[in-house]
Amino acid sequence: MSREKVISFLFAAALGAAIWAFSPKILGVIEPWDAQSPYYFVSLFLSGLFVGAVVPRHFWVALVGIVAGQLIYMLVFLPKGPLLPLGLIFLGVYGVLTLFGAFLSAKLRLVVESRFERGDSGA
């Protein structure tokens, strides 16, 4: 695996864990998807946007890293219960928001880069 992918994965995992770590402080709930707020969904999308813009050629790493970071946070810091398998499904399903954000920003960055390489300023 390339160094760029590993760094992207670790960065995305840190973002995924941070979404959960800040949830009690910001929302007052341990699990961000329990909040009556768009915090969780917006955080996933924005994290994906950020990782996709930083590493556009490996935007899919955003999904893997952010889901892994959330999972690790859940397993280490939250009490385990019978609903953990359901939580894993939610992580994967909601991860689509991350993938969508990463895809959008990656494509935008690649388009902008190709225009600059061709010397096309768009004017």
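Residues numbered from 1 in each chain as written. Predicted model: local features only at pLDDT ≥ 70, side-chain atom pairs only at ≥ 80, totals over all residues. Heavy atoms only, no water.

So, the environment of L78
Along the chain, L78 falls in the loop between α3 (60-77) and α4 (84-118). The spatial distance from the C-alpha of L78 to the C-alpha of F103 is 30 Å, given a sequence separation of 25 residues. Excluding its chain neighbours within four sequence positions, the residues that come into contact with L78 are W20, I30, E31 and Y73. (Helix = DSSP H or I, 4+ residues; strand = E, 2+ residues; numbered from the N terminus. Contact = heavy atoms within 4.5 Å.)

Some thoughts on the packing of helix α1 (residues 3-27) against α3
Taken N-terminus to C-terminus, the directions of α1 and α3 make an angle of 45°; their axes are 6 Å apart at the nearest point. Considering the angle they form, α1 stands oblique to α3. The hand of the α1/α3 crossing is right-handed. Residues K5, S8, F9, A12, A13, G16, A17, W20 and A21 of α1 pack against W60, V61, A62, V64, G65, I66, A68, G69, Q70, Y73 and M74 of α3. (Axes fitted to C-alpha atoms, helices over the stretch in contact; angles between N-to-C directions. Parallel < 35°, antiparallel > 145°, perpendicular 65-115°, else oblique. Left-handed = near helix turned anticlockwise from the far one by under 90°.)

Overview of the packing of aromatic side chains
Per the stated rule, a full pass over the model turns up 13 aromatic pairs. Look at W20 and W33: their rings are 5.0 Å apart centre to centre, the planes differ by 90°, and that puts the pair in the edge-to-face class. Here W20, found in helix α1, pairs with W33, found in the loop between α1 and α2 (39-54); they are 13 residues apart in sequence, far enough to count as distant. When sorted by exposure, W20 lands in the same class as W33, which is buried. (Phe/Tyr/Trp six-rings, centres within 6.5 Å; stacked < 30°, edge-to-face > 60°. Buried < 20%, exposed > 50% of the residue type's maximum accessible area, 1.4 Å probe, protein only.)

Some remarks on the nonpolar core
In terms of nonpolar packing, the biggest core is built from 15 residues, with I19, W20, W33, Y40, M74 and L91 touching the most fellow members. For this core, the secondary-structure elements that each account for two or more residues are α1, α2, α3 and α4. Apart from residues lying up to four places away in sequence, L91 is in contact with W20, W33, Y40, V67, Q70, L71 and M74. (Core = buried A, V, L, I, M, F, W, Y, C linked by side-chain atoms within 4.5 Å.)

Some remarks on the pattern of salt bridges
Applying the stated rule across the entire model yields two salt bridges. Between R57 and E113 there is a salt bridge, with the nearest N and O atoms lying 3.6 Å from each other. Of the two residues, R57 is situated in the loop between α2 and α3 and E113 in helix α4; the sequence distance between them amounts to 56 residues. Relative accessible area serves as the criterion here: at 21%, E113 is assigned to the partly exposed category. With its nearest N and O atoms 2.6 Å apart, the salt bridge here joins E113 to R109. One end of the pair, E113, and the other, R109, are both in helix α4, four residues apart, so they sit about a helical turn from each other. Its relative accessible area of 31% is what places R109 among the partly exposed residues. Each of R57, R109 and E113 takes part in a single network of salt bridges with overlapping partners. (Salt bridge = Lys/Arg side-chain N within 4 Å of Asp/Glu carboxyl O.)

Purely spatial values, then, with no claim about function.
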